[in-house]
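# Coordinate inspection notes
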Amino acid sequence: MMRIVLLSFLFAWQVFAAPKTLQVAVNIGPPWAYYQEDEGVTGIDVEIIRHIFSTMGYNTEFQLLGYNRLIKEFNEGKYDVASPAAFPPEHGHLTQTYLPFEDVAVSLKSENHTIDSIADLAEKNIIAYQFAQSVLGEEFANVVQDANYLEIAERELQLKLLVNHRTDVVIGERRLLVYIMQQHFPGQQLAIHPIFNTTSYGAIIKDSALQQQFDEQLSKLKASGHYDEILNKWP
């Protein structure tokens, strides 16, 4: 009888001691979050989240999703964490910001476009990411009203249209566009036009206590210098 009680206690302790696995949805887009054959799901956002929750004693399981689906399924309760949170959430709690997204305009260097301000986008053919008009502000929204303007979710397609001279300008996050260009169109050179402000985003976490603990560990990560090391892996 004592042996049965002891075994039951050991089993219960193992279940209790086993780290919980958090379900995390991240917006697919290298180098922030993507799948790599030898590493699995990786990227700046993934490594920051994984490091913080590992420090807190949690395992993490990542799903790469388009942004619309990411927000929809988080609001439906399918995930513990979703990142990035570019809009105010219906449910959950926002973390401190840690993802410095630098939206830029890019063009082919060979085309010699002069784009020093948002106003210089007037009369150009423009492709941007979904909801760019909402994110990039009133001036941008006004300029593209009279332009040949299209929003496309697939980043590779955006740059393919640029390389094939089907558009003059692509609007998107600098690290992401440079990474995809290097991977898919290495023979082409981009001109980068930094006409937008850098905006930092955080994640959204279902549980408020978990969000507060995340923020505490994020502050420690930044203070330690390891946060900058992760960012610098994907310059």
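This structure is a prediction, so every number in the text was calculated from the model and none was measured.

At a closest axis distance of 10 Å, the pairing of helix α6 (residues 155–163) and helix α7 (residues 174–184) adopts a crossing angle of 70°. As judged from the angle between their axes, α6 and α7 are roughly perpendicular. Where α6 crosses over α7, the two elements pack in a sense that is right-handed. Facing R155, E156, Q158, L159 and V163 of α6, the residues of α7 in contact are L176, L177, I180, M181 and H184.

Glancing now at the sheet that holds strand β12 (residues 190–193). Taken in spatial order, the five strands of this open sheet run β10-β9-β11-β8-β12, and their pairing is mixed. Sheet topology places β10 (148–151) and β12 at the edges, where each strand pairs with a single neighbour. Within this sheet the neighbouring strands show an average axis-to-axis angle of 25°, counted without direction. Where strand β9 (residues 125–128) and β10 come together, four bridges link them in parallel fashion. Opposite I127, over in β10, you have L150 as the bridge partner.

This part covers the environment of R50. Along the chain, the position of R50 falls in helix α2 (residues 44–55). Residues R50 and A122 lie 72 residues apart in sequence; the distance between their C-alpha atoms is 42 Å. Filtering out sequence-adjacent residues up to four positions away, R50 remains in contact with V41, T60 and F62.

What follows concerns the sheet that holds strand β6 (residues 93–94). Read from one edge of the open sheet, five strands run β4-β1-β5-β14-β6, paired in mixed fashion. The sheet is open, and its two borders are formed by β4 (59–65) and β6, each paired with just one other strand. Here seven bridges tie strand β1 (residues 21–27) to β4, and the two strands are oriented parallel to one another. Each bridged residue has a counterpart across the sheet, and for A25 the counterpart in β4 is Q63.

The subject of this paragraph is α2. Note on helix geometry: an α-helix contains 3.6 residues per turn, so any two residues three or four positions apart are oriented the same way. Look at α2: 17 Å from first C-alpha to last across 12 residues, which is about the 16 Å you get at 1.5 Å a residue. Looking at α2, one finds that the buried residues are I44, D45, V46, E47, I48, I49, I52 and F53. G57 lies just past α2 and shows a positive phi near 95°.

This part takes up the confidence of the model for the chain. Across the chain, the average pLDDT comes to 90, with 92% of residues at or above 70. Segment residues 12–16: pLDDT under 50, and zero contacts once partners within four positions in sequence are set aside and those in other chains are kept.

Those residues of helix α5 (residues 138–145) that fall on the buried side of the exposure criterion are F140, A141, V143 and V144. One side of α5 holds all its buried residues, which, seen down the axis, span an arc of 165°. Turned more than 90 degrees away from the buried face of α5 sit E138 and Q145, all of them exposed. Buried residues along α5 sit against β9, α4 (132–135), β10 and β11 (169–173).

Another aspect to go through is the packing of α2 against helix α8 (residues 208–224). A packed helix pair is summarised by two numbers, namely the angle formed by the two axes and the spacing between the axes. Where α2 contacts α8, the axes come no closer than 9 Å and their chain directions differ by 110°. As judged from the angle between their axes, α2 and α8 are roughly perpendicular. When α2 is examined against α8, the residues I48, I49, H51, I52, F53 and T55 are found in contact with a partner set consisting of L210, F214, Q217, L218 and L221. Tallied by class, residues from the contact of α2 with α8 come to eight nonpolar, three polar and no charged.

Moving on, we get to the environment of T60. Among the structural elements, T60 can be located in strand β4. Using a relative accessible area of 19% as the deciding quantity, one classes T60 as buried. With 38 residues separating them along the chain, T60 and Y98 place their C-alpha atoms 18 Å apart. Look past the residues within four positions of T60 in its chain and what remains in contact with it is T21, L22, V24, R50 and F53.

Cut-off values and rules
Residues numbered from 1 in each chain as written. Predicted model: local features only at pLDDT ≥ 70, side-chain atom pairs only at ≥ 80, totals over all residues. Heavy atoms only, no water. Axes fitted to C-alpha atoms, helices over the stretch in contact; angles between N-to-C directions. Helix = DSSP H or I, 4+ residues; strand = E, 2+ residues; numbered from the N terminus. Parallel < 35°, antiparallel > 145°, perpendicular 65-115°, else oblique. Left-handed = near helix turned anticlockwise from the far one by under 90°. Contact = heavy atoms within 4.5 Å. Pairing = 2+ DSSP bridges. Expected span 1.5 Å × (residues − 1). Buried < 20%, exposed > 50% of the residue type's maximum accessible area, 1.4 Å probe, protein only. pLDDT = per-residue confidence, 0-100. Arc of directions from axis to C-beta. Nonpolar A, V, L, I, M, F, W, Y, C, P; charged D, E, K, R; others polar.

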